[in-house]
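# Observations on the three-dimensional arrangement
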Amino acid sequence: MKIVTYNVNGLRQRISQFGSLRNLLNSFDADIICFQETKLSRQDVTADLVMVDGYESFFSCTRTSQKGRTGYSGVITFCRVRSAFSSTEAVLPLAAEEGFTGLMCNSQTSEDKFPLFIEDLEGFSKDELFSVDSEGRCVVTDHGHFVLFNIYGPRAGSDDTERIQFKQMFYRILQKRLESLLHQGRRIFVVGDLNIAPFAIDRCDAGPDFDNNEFRRWFKSMLIENGGHFSDVFRAKYPDKSDAFTCWSQSTGAEVFNYGSRIDHILCAGSCLHKLDDLQCHSFIRCHVKECEIMVQYKRFKSESTPSTHKWKGGKSVKLEGSDHAPVILTLMEIPEVSLHSTPSLSARYVPMIHGVQQTLVSLLMKRRVSDSCKMAHGDISVVSTSERIEEPIDIIGSSTRECDSLPNKDSEGSILEPNKLSTASSLEAVSKSGSVYKKSKIQKCNESKKKTSNSQSSQLSLRSFFQKSTNLDNGIKDSCIGFSNNQAEPSQPNSQSLENSTLFDHSSSPVQDEVNAACDQDLTELNDSSRKEEKSNVASQEWQRIQKLMQNSIPLCKGHKEPCIARVVKKQGANFGRRFYVCARAEGPASNPEANCGYFKWATSKSKNK
């Protein structure tokens, strides 16, 4: 059995990176895959993000509406199974739970009574307990032989008192839950991003006061070597391995020099699975853990991808793509099967908002009847022929829609005329068959309606395209206008019937001609406006290039490498919030490496207006 823990730093981004959720999961070739920091809100969760054939998933999303916390954290556990029903696989959980306080699955519990497994938490209010689970930081799955905690530990800055208190409460309650299960004789795995680097060897820049951090002290107190119950599996396998990091700073390109920390862990507690009288020489790690490795192939930076290893995205040399964490994989052996069971109800397959609500046969047939009725209604309208519309008297045409339909867009057979074949002669012939005279106001209303329609349908051709005959837009429009006028003044070989009917019209003042002339004038005006806008755009582009050149000349050079710095902005709330500064453009690394960031810093100062 293989278990993977991975802070994906946004599940959508990782799915996009690998092409699909299936590709992402299959790339690990693991049985249980635990993701943290999915950044999914419950209302945004869809089937393509949490469901795939061959896997059962159990997720938790943030439920808080606190500013900056919505869609922020989130965890999900995928279990690769052969069957989701009637299975004896230990990979498929026997039970699952969202959070670890018990309130998420016991929401009906009264205020004065807590679930049995957190009866020792009377010191915490119900609101405090709910706040711990409301950020979507834990999913617990019971696999029979062991209980698996998928944890995304909170992060707290050194000066953020509120988050420090939250982090303290989070780990105190977690410890209570773990101890409760250990007292029941259960084996436990705790995997995930705990946001704690326990030892100095696990941190690139561990200072002299490194061990004074209260959360590191808590972590160490949980370990067997300090009287606790848990083993840090990676350190148990590789006690002296240095530069074994799982997380790197996104803003400084620290992956280039592997300048990071190990904050993604796999902890285990409990006895081995062997049923022997003498278990003194037995332990779970010695008997069942084959290997535990950091999957460095998932790191964003690949040293072989570029010959220049001292620059990163800030230096415009290396673009880092992917999560800022690396997965950790644990390989177990001799894990037997469990009793026959099926998928727990917490599985994503049973969540209505993801899988949808099953429709009844009656509702499906009703929707089909409504759809068929709509199609018949549209069909009745489209069946009306042009000849029937032409024979209607003028005063019946009331709406702008019917006015547009009344224009000769179809021949007597009902086929649609192509735009480039539309001419004044055909228009006159169609109108003459009706025995009525269209007024100029009617045509103008129709054109206004068609203009409105063209705004909503990008595929519809503009008026200019009907008369454009040249690759040169300006000359083309003029030629189109002249050609159209000549076609009206000298129709080609009209028959006696059409010539007789055409005497009803005065070609010199035809409403169609007036409309075309107005359109030509409008197009010429648009051309002049377009040329003026292009000229202004060129001036603006030249000015922006001049400003960029001045800015480039004002960028300082770092003292360590004599290279142009990069500008940044202070994003932390405080007196300097929003203030710009310059730093060395190279990736962050150890001070002993001359190719790494030299540590240069300078505030950006603006020149005075008087100078």
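The structure displayed is predicted, hence computed values, not measured ones.

### A word on the UniProt feature "active site" (unreviewed entry) in the protein
- When the UniProt feature table is mapped to this numbering, "active site" (unreviewed entry) covers Tyr152, Asp193 and His325. Across 174 residues, the annotated set stays spatially compact, with a maximum C-alpha separation of 12.7 Å.
- Here Tyr152 is to be found in strand β7 (residues 147-152).
- Discounting chain neighbours no more than four positions away, the residues touching Tyr152 are Asn7, Gln36, Glu37, Tyr72, Ser73, Val75, Arg137, Phe170, Asp193 and Asn195.
- A polar contact of 3.4 Å, which involves the side chain of Tyr152, links it to the side chain of Glu37.
- Locating Asp193 in the fold gives a position in strand β8 (residues 188-193).
- We classify Asp193 as buried; its relative accessible area is 1%.
- In this structure Asp193 touches Asn7, Gln36, Ile151, Tyr152, Gly153, Ile263, Asp264 and His325, once residues within four positions along its chain are discounted.

### Concerning the pattern of salt bridges
- A complete count under the given rule lists 19 salt bridges for this structure.
- The salt bridge partner of Glu37 is Lys39, with a shortest N-O separation of 4.0 Å.
- Its salt-bridge partner being Asp232, residue Arg262 comes within 2.7 Å of it at the nearest N-O pair. With Arg262 in the loop between β11 (260-261) and β12 (264-269) and Asp232 in strand β9 (residues 231-232), this pair connects stretches of sequence that are 30 residues apart. Of the two residues, Arg262 and Asp232, neither departs from the other in class, the shared state being buried.
- Through salt bridges with shared partners, a single network forms among Asp202, Asp232, Arg235 and Arg262.

### Description of the nonpolar core
- Core analysis: the largest hydrophobic core is formed by 38 residues, its most contacted members being Met1, Ile32, Phe189, Val233, Ile266, Leu330 and Leu332.
- Excluding residues that lie within four positions of it along the chain, Phe189 makes contacts with Phe146, Val147, Leu148, Phe149, Ile266, Leu267, Cys268, Phe284, Leu330 and Leu332.
- Of all hydrophobic cores here, the second largest spans 33 residues; its members include Leu121, Val132, Ile151 and Leu223.

### Observations regarding the confidence of the model for the protein
- When pLDDT is averaged along the protein, the result is 76; 63% of the residues meet or exceed 70.
- This stretch, residues 107-114, has a pLDDT under 50; its non-local contacts, to residues over four places away or in other chains, come to eight contacts.
- Note on residues 380-439: pLDDT is under 50 here. Beyond four places in sequence and across chains, it has 48 contacts.

### Side note on the sheet that holds strand β1 (residues 2-7)
- Within the open sheet, the six strands sit side by side as β3-β4-β2-β1-β14-β13. Their pairing is mixed. Either end of the sheet is taken by a strand with one partner, and the two such strands are β3 (55-60) and β13 (289-294). Strand-to-strand, the axes of this sheet are offset by a mean angle of 10°, without reference to chain direction.
- As paired strands, β13 and strand β14 (residues 328-332) are joined by five bridges and run antiparallel to one another. Along β14, the bridge assignment pairs Cys292 with Leu330.

### Remarks on helix α1 (residues 11-18)
- All of the buried residues along α1 are Leu11, Arg14 and Ile15. Looking straight down α1, one finds that the buried residues subtend no more than 100° of arc, so they occupy a single side.
- Here the buried face of α1 lies against β1, α2 (21-26), β2 (32-36) and α3 (47-50).
- Gly19 sits one or two residues past α1 and shows a positive phi near 95°.

Parameters at a glance
- Residues numbered from 1 in each chain as written.
- Predicted model: local features only at pLDDT ≥ 70, side-chain atom pairs only at ≥ 80, totals over all residues.
- Heavy atoms only, no water.
- UniProt positions renumbered as here; feature names shortened; annotations may be inferred.
- Helix = DSSP H or I, 4+ residues; strand = E, 2+ residues; numbered from the N terminus.
- Contact = heavy atoms within 4.5 Å.
- Polar contact = N/O pair within 3.5 Å; in protein donor to acceptor, adjacent residues only side chain to side chain.
- Buried < 20%, exposed > 50% of the residue type's maximum accessible area, 1.4 Å probe, protein only.
- Salt bridge = Lys/Arg side-chain N within 4 Å of Asp/Glu carboxyl O.
- Core = buried A, V, L, I, M, F, W, Y, C linked by side-chain atoms within 4.5 Å.
- pLDDT = per-residue confidence, 0-100.
- Pairing = 2+ DSSP bridges.
- Axes fitted to C-alpha atoms, helices over the stretch in contact; angles between N-to-C directions.
- Arc of directions from axis to C-beta.

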